[in-house]
Amino acid sequence: MLIAPSILNADNLNLKSEITAAVAAGISRFHIDIMDGHFVPNLSFGPQLVSDFKREFPDITAEVHLMSDNPEVLVPAFVEAGADIVELHYEAMSEAELTKWLTYLNDHHVKAGLVLSPDTPAAVLSEFAPKLAQVLLMTVYPGFGGQKFIPEMTAKIKETNELLQGQLPIEVDGGINAETAKVAQAAGASVFVAGSYLFGKGQIAKQVAELTEALR
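Everything in this summary refers to the structure shown in the same document. Remember, predicted model here, so these are calculated numbers, not experimental data.

Let's shift gears to the overall build of the protein. Tallying secondary structure elements over the protein gives 8 helices and 8 strands in all. In terms of C-alpha radius of gyration, the protein reaches 16 Å, essentially the compact-globule figure of 17 Å for 216 residues. Considering only C-alpha atoms, the protein reaches an extent of 45 × 35 × 30 Å along its principal axes. Relative to its 216 residues, the protein shows a buried fraction of 51%. The long-range fraction of contacts in the protein, counting pairs at least 24 apart against all pairs at least 6 apart in sequence, stands at 65%. Measuring between centres, the 14 positive side-chain charges of the protein sit 7 Å from its 27 negative side-chain charges.

Structure follows, in structure tokens:
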């Protein structure tokens, strides 16, 4: 079980202090949502944020969720910035491009993840599994934080778990709280991205403890 807070919902003007509080509460990985305003209708962070993060927190995992259809520019940029994990959307490029960039990440010793939006079937994972370190299933439609968990995704988590036969960690992202995390865990998820549940209540350590307890 691993909790990966999404800094999208943190206070940007107090980002370092909020990350520090989460690390003090036992967090060892952060989920960094990169949105380009084209693949999804929102904008967020760039490579400099990841570079700064790794300078300040070198022992903490920086997981980059790349919501962009411009891998030619952004994948090398985030590798250069020091990302530990880069997750690419299946829907953002052709399968040939996806194979190319997953191979690029493998060759540069960066862990590769594949992200599936809610409408993409789990079956597409089969071809790419050998190049992956994990799979991310979106349990909301990508683009904005604070959405509600889509209940139908529980069956997709189960299907993905059966397809992968426990070979890869399954991460879930979207509407994760103490209740939905337990549902996703029972279906086979083992990595949990939480944003507004952790950062939106002003007591990060308390929220991390509550989510950790729910997942025991």
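Let's shift gears to unusual backbone geometry. Trans is the prevailing form of peptide bonds, just as negative phi is the prevailing case for residues other than glycine. Although it is not a glycine, His-109 sits at a positive phi angle of roughly 60 degrees. By secondary structure assignment, the location of His-109 is in the loop between α4 (95-107) and β5 (111-116). Assessed through its relative accessible area of 73%, His-109 is described here as exposed. Positive phi is not limited to glycine here, since Gln-165 has a value of about 55 degrees. Here Gln-165 is to be found in the loop between α5 (153-164) and β7 (170-173).

Turning our eyes to something else, we now look at the environment of Pro-76. Looking at the element boundaries, Pro-76 is found in helix α3 (residues 71-81). Given a relative accessible area of 24%, Pro-76 falls into the partly exposed group. Distance in space between the C-alpha atoms of Pro-76 and Trp-101 is 9.3 Å, their sequence separation being 25 residues. Here Pro-76 is in contact with Pro-71, Trp-101 and Tyr-104, once residues within four sequence places are set aside.

If you trace the 8 strands from one edge of the open sheet to the other, you get β1-β8-β7-β6-β5-β4-β3-β2, paired in parallel fashion. The outermost strands of the open sheet, each flanked by one partner alone, are β1 (2-5) and β2 (29-35). Looking at each pair of strands side by side, their axes are set apart by 25 degrees on average, direction ignored. Relative to strand β6 (residues 134-138), β5 is paired through 4 bridges, and the arrangement is parallel. What sits directly across from Leu-114, in β6, is Val-135. The strands touched by α3 are β2, β3 (61-67) and β4 (85-89); relative to β3, the strand with the most contacts, the crossing angle is about 175 degrees. Relative to the sheet, α5 contacts β5, β6 and β7, its axis offset from that of β6 by approximately 165 degrees.

Calculation notes
- Residues numbered from 1 in each chain as written.
- Predicted model: local features only at pLDDT ≥ 70, side-chain atom pairs only at ≥ 80, totals over all residues.
- Heavy atoms only, no water.
- Helix = DSSP H or I, 4+ residues; strand = E, 2+ residues; numbered from the N terminus.
- Rg over C-alpha atoms; globule rule 2.2 N^0.38 Å.
- Buried < 20%, exposed > 50% of the residue type's maximum accessible area, 1.4 Å probe, protein only.
- Contact = heavy atoms within 4.5 Å.
- Lys, Arg positive; Asp, Glu negative; His and termini not counted.
- Charge placed at Lys NZ, Arg CZ, Asp CG, Glu CD.
- Pairing = 2+ DSSP bridges.
- Axes fitted to C-alpha atoms, helices over the stretch in contact; angles between N-to-C directions.

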